[in-house]
Amino acid sequence: MTGSTTPDTAAPDTAPADTTAADMAALAVDVGGTTVKGALVDAAGRPLHEVAAPTSPADGTPVADVLTAVLAELAGRAEAAGLRVVGAGVVTPGTVDETTGRVGFAANLGWRDFDLRAHLEQRVAVPVAVGHDVRAAGAAEALLGAGRGARDLAFIALGTGIAAALVTGGAVVTGATRAAGEIGHMPVHPGGRRCTCGQVGCLEAYASGAAVARRYTELGGAPGSTAGDVAGALGTDPAADQAWQEAVQALALAASTLTMALDPALLVIGGGLGRAGERLLAPLRRELAGLLAWRPAPRLAAAELGQDAGRVGAAMLAYRAAGHGAVVERWTPADVLGPRDAAVEPAG
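This write-up is about the structure you can find in this document. Here the structure is a predicted model, which is why all the values come from computation and not from measurement. (Residues numbered from 1 in each chain as written. Predicted model: local features only at pLDDT ≥ 70, side-chain atom pairs only at ≥ 80, totals over all residues. Heavy atoms only, no water.)

**Re the overall build of the protein**
The secondary structure content of the protein amounts to twelve helices and 14 strands. The globule rule puts the C-alpha radius of gyration for 348 residues at 20 Å, and the 20 Å found for the protein is close to it. Oriented by its inertia axes, the alpha-carbon framework of the protein measures out at about 60 × 45 × 40 Å. Going through the 348 residues of the protein one by one, you find that 53% of them count as buried. Taking the intrachain contacts of the protein between residues at least 6 apart in sequence as the baseline, contacts between residues at least 24 apart amount to 64%. Total accessible area on the protein is roughly 14400 Å²; 54% of this is exposed by carbon and sulfur atoms. Seen as two clouds, the 26 positive and the 35 negative side-chain charges of the protein have centres 4 Å apart. (Helix = DSSP H or I, 4+ residues; strand = E, 2+ residues; numbered from the N terminus. Rg over C-alpha atoms; globule rule 2.2 N^0.38 Å. Buried < 20%, exposed > 50% of the residue type's maximum accessible area, 1.4 Å probe, protein only. Contact = heavy atoms within 4.5 Å. Areas by Shrake-Rupley, 256 points an atom, 1.4 Å probe, with all protein chains shown as cover. Lys, Arg positive; Asp, Glu negative; His and termini not counted. Charge placed at Lys NZ, Arg CZ, Asp CG, Glu CD.)

Written as structure tokens, this is what we have:
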């Protein structure tokens, strides 16, 4: 298997603790399909200030300019607080080369072969490290969330789309083209439903949040329902039960393939659909055990960092890329999850 250790999972610094850490801060930005979320993060991993902006504003501002504005606002907050910004971490969907900071392709953001790091560093006065959103979230879960102590695991993010962070021997696998973990386009039903990628039978066409909601409507459920609505109707609505079961079966097929290929000790389920907890995990355990009859199934666990995983991963990336990985190793779940000093504010 082709792979490498990416900056967000690089070996921790072995240098003595930085005695000036008290005045350090990093800018952490998580680019989502609908929202760009940013945070000013201190050396203890605590989010000191958070801002959010729409990924595609009504005025047509390009995503890269939204990112620039979010970073500039956070940098201004740091300056006002007397903090020294050591760097920024920006995580994004798409095919991402963490070494060069280039985004090969991100369909929903309109980027193709885009040097995101250079673009941002020309506009903000801090070094910028760029990473893949799910790989960064997986690194955060591995260090501080449900994956603590596991060196071989897969973090599966089930949202509008589906992707995974694959960790083996403590290193995140990136692959030859930086596209490892794009399991949303793993075929689970050849000749099945058409996927947005143009192929048929992809996992994403069955088990993403959008696919579950769409299938529920096809089966007679209320139009406009979300995957959360489907989860809430389980046991009382046959259409919800069927749509959910089809998603679980598809996810189990993908999880069994991952298990055979990687032999993980743990599968961590995150993303919006992952918030269903045992309503998803319990039937998934049963399906997966049936598919892996000759060997034990890996342990399944719900992600613990929730929607903060991307932001935590971005902050880890920033500190490690700046040579301050030692501070990251001292972070605790309580620190990175809050309490917040301020509510999330709109950027600008």
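Okay, back to it.
**A few points about the sheet that holds strand β12 (residues 266-270)**
If you walk across this open sheet you meet the five strands as β11-β10-β9-β12-β13, and the pairing is mixed. Every interior strand has two partners, whereas the edge strands, β11 (171-172) and β13 (299-302), have only one. Where helix α7 (residues 238-262) meets the sheet, it contacts β9 (153-158), β10 (162-168) and β12, and its direction lies at approximately 155° from that of β9. With respect to the sheet, helix α9 (residues 278-291) is in contact with β9, β12 and β13, its orientation differing from that of β13 by roughly 165°. (Pairing = 2+ DSSP bridges. Axes fitted to C-alpha atoms, helices over the stretch in contact; angles between N-to-C directions.)

**Digging into the pattern of salt bridges**
Overall, the coordinates contain 14 salt bridges when judged by the stated rule. Note that R215 is salt-bridged to E218, the shortest N-O span being 3.2 Å. Of this pair, R215 and E218 are both found in helix α5 (residues 209-218), three residues apart, which corresponds to roughly one turn of the helix. E329 is the partner of R320 in a salt bridge, and the nearest nitrogen-oxygen pair spans 2.5 Å. Overall, E329 belongs to the partly exposed group, its relative accessible area being 34%. Where salt bridges share partners, they join R193, R215, E218 and E246 into one cluster. (Salt bridge = Lys/Arg side-chain N within 4 Å of Asp/Glu carboxyl O.)

**As for the nonpolar core**
The biggest cluster of nonpolar side chains holds 46 residues, and the ones touching the most others in it are I156, L158, I183, L203, W244 and L280. Where this core is concerned, the elements lending two or more residues are β9, β10, α4 (204-207), α5, α6 (227-232), α7, β12 and α9. Of all the elements, α7 adds the most residues to this core, at 13 residues. W244 has contacts with V212, A227, V230, A231, L234, L273, A276, R279 and L280, leaving out every residue within four places of it along the chain. (Core = buried A, V, L, I, M, F, W, Y, C linked by side-chain atoms within 4.5 Å.)

**Comments concerning helix α1 (residues 63-80)**
Taking 1.5 Å of rise per residue, 18 residues should cover 26 Å, and α1 covers 26 Å from first to last C-alpha, within 8% of that figure. Those residues of α1 that sit buried are V63, A64, V66, L67, T68, V70, L71, E73, L74 and A78. In the segment just after α1, G82 is the residue with positive phi, at about 75°. (Expected span 1.5 Å × (residues − 1).)

**Here's the deal with the sheet that holds strand β5 (residues 95-97)**
Strand order in the open sheet formed by three strands is β5-β6-β7, and the pairing between neighbours is antiparallel. Of all strands in the sheet, those bounded by a partner on one side alone are β5 and β7 (111-115). Here the strands of the sheet are splayed against their neighbours by 5° on average, with no regard to which way each runs. Judged from the four bridges that link them, strand β6 (residues 102-106) and β7 form a sheet pairing that is antiparallel. Opposite F105, over in β7, you have R112 as the bridge partner.

**Some points on the environment of Q249**
Along the chain, the position of Q249 falls in helix α7. Owing to a relative accessible area of 35%, Q249 belongs among the partly exposed residues under this scheme.

**A look at the packing of aromatic side chains**
In this description, an aromatic ring pair is defined by two values, namely the gap between the centres and the angle between the planes. Evaluated as defined, the whole model comprises two aromatic pairs. Pairing W111 with F114 gives two aromatic rings, centres 5.2 Å apart and planes at 45°, and the pair type is tilted. When its relative accessible area of 7% is taken as the criterion, W111 is described as buried. Owing to a relative accessible area of 19%, F114 belongs among the buried residues under this scheme. Residues Y319 and W331 carry aromatic rings whose centres are separated by 5.8 Å and whose planes lie at 85° to one another, so their mutual orientation is edge-to-face. In this pair, Y319 is assigned in helix α10 (residues 309-321) and W331 in the loop between α11 (325-328) and α12 (333-336), connecting sequence segments twelve residues apart. (Phe/Tyr/Trp six-rings, centres within 6.5 Å; stacked < 30°, edge-to-face > 60°.)

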